[in-house]
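The primary structure of each chain is shown beneath.
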Amino acid sequence: MENWITEFMNDFGYMGIFLLIALENIFPPIPSEVILTFGGFMTTTANMTIMGVVIASTIGSVAGAVVLYGIGLLLDVKVIERFVERWGHILRLTVSDVHKANSWFDKYGAWTVFFCRLVPLIRSLISIPAGMSHMSFWLFLLYTTSGTLIWNIILVNIGAAVGSSWEDIVGYMDIYSNIVYAILALLFILFVVLIFRRNKGKVK
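Owing to the predicted nature of the structure, the values given are computational and were not obtained by experimental measurement.

Can you lay out the overall build of the chain for me, pointing to particular residues and giving the numbers?
For the chain, the count of helices and strands is eight helices and zero strands. Ordered by position in the sequence, the α and β elements of the chain form the string α-α-α-α-α-α-α-α. Carbon together with sulfur atoms contributes 71% to the accessible area of the chain, which is approximately 11,300 Å² in total.

If you had to explain a nonpolar patch on the surface to someone new, which residues and values would you point to?
A cluster of nonpolar side chains, W4, L23, I26, F27, V67, I71, L75 and V79, forms an exposed patch at the surface whose accessible area comes to about 650 Å². Elements that contribute at least two residues to the nonpolar patch include exactly α1 (2-26) and α3 (50-87). When residues of the nonpolar patch are assigned to their parent elements, the largest contribution, four residues, is made by α3. Among the secondary structure elements, L23 is positioned in helix α1.

Help me get a handle on the environment of A22, residues and values and all.
As for its placement among the helices and strands, A22 is situated in helix α1. Taking the C-alpha atoms as reference points, A22 and S32, separated by ten residues in sequence, lie 9.8 Å from one another.

Residues and numbers for helix α7 (residues 137-162), please.
In this model, α7 (26 residues) spans 37 Å end to end at C-alpha, consistent with the 38 Å of a helix rising 1.5 Å per residue. Looking only at α7, the buried set comprises F140, Y143, T144, G147, T148, W151, N152, L155, V156, G159 and A160. Downstream of α7 by a residue or two, G163 has a phi angle that is positive, lying close to 60°.

Break down helix α2 (residues 32-42) for me, with residues and values.
At 3.6 residues per turn, the α-helix brings residues three or four places apart onto the same side. Most of α2 sits inside the fold, with eleven of its eleven residues counted as buried. For α2, the set of buried residues is S32, E33, V34, I35, L36, T37, F38, G39, G40, F41 and M42.

Account for the packing of α2 against α7, naming residues and giving values.
Two numbers describe a pair of packed helices, the interaxial angle and the distance between the axes. Two elements in contact, α2 and α7, have axes whose closest approach is 6 Å; the angle formed by their N-to-C orientations is 50°. As summarised for this structure, α2 and α7 are arranged oblique, according to the angle between their axes. In the packing of α2 onto α7, the handedness of the crossing is right-handed. Where α2 abuts α7, its residues S32, E33, L36, T37, G40 and F41 lie against W151, N152, L155, V156, G159 and A160. For the contact of α2 with α7, the residue count by class is six nonpolar, five polar and one charged.

Explain the packing of aromatic side chains to me, and be specific about the residues and the numbers.
The description of an aromatic ring pair rests on the distance of the ring centres and on the angle between the ring planes. Counting across every chain of the model gives ten aromatic pairs. Between F8 and F12, the ring centres sit 4.7 Å apart and the planes meet at 40°, which makes this aromatic pair tilted. A residue pair is termed a helical-turn pair when its members lie 3 or 4 positions apart in one helix, as F8 and F12 do in helix α1 at four residues. Put simply, the rings of Y69, F137, W138 and F140 pair up and form one aromatic cluster.

Can you lay out the side chain of T144 for me, pointing to particular residues and giving the numbers?
Residue position: T144 is located in helix α7. Using a relative accessible area of 0% as the deciding quantity, one classes T144 as buried. At a separation of 2.8 Å, a polar atom in the side chain of T144 contacts the main-chain carbonyl oxygen of F140. With near-sequence residues (within four places) excluded, T144 lies in contact with V62, A65, V113 and R117.

Each value, and the rule that gives it
- Residues numbered from 1 in each chain as written.
- Predicted model: local features only at pLDDT ≥ 70, side-chain atom pairs only at ≥ 80, totals over all residues.
- Heavy atoms only, no water.
- Helix = DSSP H or I, 4+ residues; strand = E, 2+ residues; numbered from the N terminus.
- Areas by Shrake-Rupley, 256 points an atom, 1.4 Å probe, with all protein chains shown as cover.
- Patch = residues over 30% accessible without salt bridge, like charges linked within 9 Å, V, L, I, M, F, W, Y side chains within 5 Å.
- Salt bridge = Lys/Arg side-chain N within 4 Å of Asp/Glu carboxyl O.
- Expected span 1.5 Å × (residues − 1).
- Buried < 20%, exposed > 50% of the residue type's maximum accessible area, 1.4 Å probe, protein only.
- Axes fitted to C-alpha atoms, helices over the stretch in contact; angles between N-to-C directions.
- Parallel < 35°, antiparallel > 145°, perpendicular 65-115°, else oblique.
- Left-handed = near helix turned anticlockwise from the far one by under 90°.
- Contact = heavy atoms within 4.5 Å.
- Nonpolar A, V, L, I, M, F, W, Y, C, P; charged D, E, K, R; others polar.
- Phe/Tyr/Trp six-rings, centres within 6.5 Å; stacked < 30°, edge-to-face > 60°.
- Polar contact = N/O pair within 3.5 Å; in protein donor to acceptor, adjacent residues only side chain to side chain.

On their own, these measurements won't tell you what the molecule is for.
Structure, rendered in structure tokens:
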């Protein structure tokens, strides 16, 4: 996949970066780290600038995030409630748990969106719960753009700084991603255990 991404960017320049980043947000398995660091490297070999790469990638990223936000709006919390009513007993989840999670997102969702834009894979998926909770679109746009801009500036500048060694950075980003995923998995397991114990106590 990396070869295809770099060839596409070589052929289409800024437009290629925009399209790939937009697609990466909708289809997370496409690695933004490759696109951004290689984009930074291209500023040292092609007629491209760091600012141009950052702008193209940020616009593409926000465009993709808006699409997932719209999908979240279509899903709505009521869809999740119906799912939990039917299957929630397996994990001992209740509709009340859904309401609490939604309330939590209403309270902390803006900062959650901002910080999640700095986490691979999660940076794309966070747009869906933002839409489901009917988070203010303009607030979503502000925090999404802010977090995305920081992420893009860092990786593009690193790619430009290391030049032809940009692939080494992708390797380090994989390590960073795996650490973050492990932490998130542990937090999720802890969350499920706490809900299980709480609901088990209610049954007693």
